[in-house]
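So the chains spell out like this:
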Amino acid sequence: MDQQRKEAIENIRAARENSNIAIREHSVHGVSKYWLDDMIVISGEGGQYVGKKTLVAVFTEMFAANPPVFERIPSEIQIGDSGVLAWETGTWHYKTAQFRGNYSAMWRKVKGVWLTQSELFVSLD
């Protein structure tokens, strides 16, 4: 693997870890700074959320109520040949509830920064 791909994978892993930390700290800003404006999420139970503004509202409400703690653990990250798109897959689980499953994410490099374009979560409970 060439050096640029290794660096891209390291950057995405670091972004994911920072996002997980932000979730533990209930920081909407810390999570959302890794989202593109047109972010799309399909949640573990099949809910569909479109747009960063919508997701910020969802996370704000979620963190204000009974804030869950969950994390995504990447098992594989692949960088596309163009160096602009990446695919991440792994497992997710709640630390505050009995929910778990698999996920995949699409990342896009914008002005040198890797941001999440979409995420698909599947609950396996």
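Residues numbered from 1 in each chain as written. Predicted model: local features only at pLDDT ≥ 70, side-chain atom pairs only at ≥ 80, totals over all residues. Heavy atoms only, no water.

Once that is clear, we can look at the packing of aromatic side chains. Here the structure, examined in full by the defined rule, presents eight aromatic pairs. Considering the side-chain rings of Phe59 and Phe63, the 5.6 Å spacing of their centres and the 90 degrees angle between planes classify their relative orientation as edge-to-face. Placement of the pair is Phe59 and Phe63 together in helix H3 (residues 52-64), with a separation of four residues, close to one helical turn. The same class applies to Phe59 as to Phe63, namely buried. Here the aromatic rings of Trp92 and Tyr94 are separated by 5.9 Å at their centres, their planes lie at 75 degrees, and the arrangement is edge-to-face. The class of Trp92 is buried, set by a relative accessible area of 7%. The exposure class assigned to Tyr94 is partly exposed, which follows from its relative accessible area of 23%. Among the aromatic residues, those joined into a cluster by ring pairs are Trp35, Phe59, Phe63, Phe70, Trp92, Tyr94, Phe99, Tyr103 and Phe121. (Phe/Tyr/Trp six-rings, centres within 6.5 Å; stacked < 30°, edge-to-face > 60°. Helix = DSSP H or I, 4+ residues; strand = E, 2+ residues; numbered from the N terminus. Buried < 20%, exposed > 50% of the residue type's maximum accessible area, 1.4 Å probe, protein only.)

Another point: the side chain of Glu71. Note that Glu71 resides in strand E3 (residues 70-79). A residue is classified by how much of its surface remains accessible, and Glu71, at 13% relative accessible area, is buried. Here Glu71 is in contact with Asn20, Arg24, Thr91, Trp92, His93 and Lys95, once residues within four sequence places are set aside. (Contact = heavy atoms within 4.5 Å.)

Time to look at the nonpolar core. Membership of the largest hydrophobic core comes to 14 residues, with the highest contact counts inside it found for Ile23, Val31, Trp35 and Phe59. Mapped by element, the contributors of at least two residues to this core are helix H1 (3-24), helix H2 (28-32), strand E1 (35-42) and H3. Grouped together as the second largest cluster of nonpolar side chains are 11 residues, Ile77, Ala86, Trp107 and Trp114 included. (Core = buried A, V, L, I, M, F, W, Y, C linked by side-chain atoms within 4.5 Å.)

Helix length check: H1, at 22 residues, gives a terminal C-alpha distance of 32 Å against a target of 32 Å (1.5 Å per residue), a fit within 8%. Among the residues of H1, Ala8, Ile9, Ile12, Ala15, Arg16, Ser19, Asn20, Ala22 and Ile23 are the ones counted as buried. For H1, the angular spread of buried residues about the axis comes to 160 degrees, placing them on one side. Away from its buried face, by an angle of more than 90 degrees, H1 presents the exposed residues Gln3 and Glu10. Buried residues along H1 sit against H2, H3, E3, strand E4 (85-94), strand E5 (100-110) and strand E6 (113-123). Two residues or fewer past H1, His26 is found with a positive phi of approximately 60 degrees. (Expected span 1.5 Å × (residues − 1). Arc of directions from axis to C-beta.)

Everything listed is a geometric property; what it means functionally is a separate question.
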